[in-house]
Amino acid sequence: MSASFSFHWYARGSVPVATPVSVRADPAELEFDGTRLRHLGEPVDLLLRVFFTEEATGASMAGVLAALRARAVCMISRFSWNGHKAVFDPLTDPRLDCGLTGDEQEAVRRCIPWTRLVRETRTSGPDGADVDLVPYVARERERLVLKSVGGHGGKEVLLGWRASAGEWEARRGEAVGDRSWVVQERVDAPVESYPLLKEGFEGAAFRSDCSPTLMDGKMVGYLIRLSASEITPYHFLYLGQDH
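What you see is a predicted model, and the numbers here were worked out from it, not measured in a lab.

J.: Could you give an account of the nonpolar core, naming the residues involved and the relevant values?
T.: Grouped together as the largest cluster of nonpolar side chains are 14 residues, with contacts concentrated most on W114, V137, L144, L146, W168 and V183. Those elements giving two or more residues to this core turn out to be helix 4 (133-139), strand 11 (144-148), helix 5 (165-178) and strand 13 (181-185). In terms of residue count, helix 4 provides more of this core than any other element does, three residues in total. Aside from chain neighbours lying at most four places away, what touches V183 is W114, T115, R116, V118, L133, V137, L144, V145 and L146. Among the nonpolar cores identified, the runner-up in size contains ten residues, and L37, V44, A67 and V73 belong to it.

J.: Outline the environment of V145, listing residues and values.
T.: Within the secondary structure, V145 sits in strand 11. Take V145: its relative accessible area is 7%, and that puts it in the buried class. Residues V145 and R162, spaced 17 residues apart in sequence, show a C-alpha to C-alpha distance of 9.7 Å. Contacts of V145, omitting those with residues within four sequence positions, involve V157, L158, L159, W161, W168, V182, V183, Q184 and R186.

J.: I'd like a rundown of helix 1 (residues 62-69), residues and numbers included.
T.: Looking at helix 1, one finds that the buried residues are G63, V64 and A67. Buried residues of helix 1 fall within an arc of 100 degrees about the axis and therefore sit on the same side. Once helix 1 finishes, R71 follows within two positions and takes phi at roughly 55 degrees, a positive value.

J.: Please set out the side chain of S148 residue by residue, giving values where relevant.
T.: If you trace the backbone, S148 turns up in strand 11. Beyond its immediate chain neighbours, meaning those up to four positions away, S148 contacts K85, E156, S180 and W181.

J.: Could you give an account of the pairing of strand 13, naming the residues involved and the relevant values?
T.: With four of its five residues buried, strand 13 lies for the most part within the structure. By the bridge criterion, three bridges tie strand 8 (residues 115-117) to strand 13 in an arrangement that is antiparallel. The partner of T115 across the bridge, within strand 13, is Q184. In this structure, strand 11 lies alongside strand 13, joined through five bridges in antiparallel fashion. Its bridge partner lying in strand 13, V145 is registered against Q184.

J.: Any details on the sheet that holds strand 11? Residues and values, ideally.
T.: If you trace the four strands from one edge of the open sheet to the other, you get 8-13-11-12, paired in antiparallel fashion. If you trace the sheet from one side to the other, it starts and ends with strand 8 and strand 12 (157-159), each paired once. Taken over all neighbouring pairs, the strand axes of this sheet differ in orientation by 20 degrees on average, direction set aside.

J.: Before we move on, could you go through helix 5 and cite the residues and values that matter?
T.: For helix 5, built from 14 residues, the straight-helix expectation of 20 Å at 1.5 Å per residue is met to within 8% by its first-to-last C-alpha distance of 20 Å. Regarding helix 5, the residues found buried are W168, R172 and A175. Each buried residue of helix 5 lies within a common arc of 65 degrees when the element is viewed along its axis, so the set occupies one face. Opposite the packed face of helix 5, turned more than 90 degrees from it, sit the exposed residues A170 and G177.

Calculation criteria
- Residues numbered from 1 in each chain as written.
- Predicted model: local features only at pLDDT ≥ 70, side-chain atom pairs only at ≥ 80, totals over all residues.
- Heavy atoms only, no water.
- Core = buried A, V, L, I, M, F, W, Y, C linked by side-chain atoms within 4.5 Å.
- Buried < 20%, exposed > 50% of the residue type's maximum accessible area, 1.4 Å probe, protein only.
- Helix = DSSP H or I, 4+ residues; strand = E, 2+ residues; numbered from the N terminus.
- Contact = heavy atoms within 4.5 Å.
- Arc of directions from axis to C-beta.
- Pairing = 2+ DSSP bridges.
- Axes fitted to C-alpha atoms, helices over the stretch in contact; angles between N-to-C directions.
- Expected span 1.5 Å × (residues − 1).

This is the structure in structure tokens:
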């Protein structure tokens with residue numbers, strides 16, 4: 001299993017280890033004994049999840065999930081579906097009430113592209129008109145993107161304007177069949193110059209998108225993804241600070 005945890009533990013007894021130990025481990029190596037979560041016999045106090053929520057399946061997760069249900073371990077990166085792209089479907093559907101304030105609705109309109117889970121349905125299109133979704137996806141290839149709901153790192157992304165008609169139709173059929181793909185309206189990422197880490201710091205053109213980090217309702221920093229292609233995968237990172 002590719003998923004892994006980082007964690008630290010305390011030694012047995014009442015005296016804690018002076019410097020907590022951080023270990024990267026496969027979830028299958030973690031066992032819950034009914035009282036403590038353990039890794040190779042050592043008690044674990046803190047978990048940092050470094051995999052995606054959709055990977056938390058199978059018998060290898062049994063010990064971790066049991067410890068979490070028993071509140072026997074603290075995991076500071078909780079399981080969440082916030083990274084599941086299908087959540088953008090109801091958020092960008094004006095017919096649905098998601099309980100957002102007027103300001104929040106405006107922020108969604110400005111920041112989140114029109115998104116629909118690909119399936120046989122009638123819905124509102126990017127321009128607000130009522131559309132039959134599956135034929136619409138086939139017809140409007142040049143202005144749409146298909147993405148796996150749980151994909152990351154630029155994987156499982158098909159740009160309609162770069163795909164052939166055959167590629168698009170094949171992926172559309174797959175998407176309708178397994179209901180694990182979303183279609184989004186095309187948004188062109190801005191192209192800007194960034195310095196390269198080499199002598200002279202020569203600038204180069206990259207497409208970028210910015211991911212702000214919020215704490216207590218305030219932006220405390222941001223992360224910028226850079227790519228020379230039209231897809232900005234997760235591993236192209238530049239960490240900035242709020243100035």
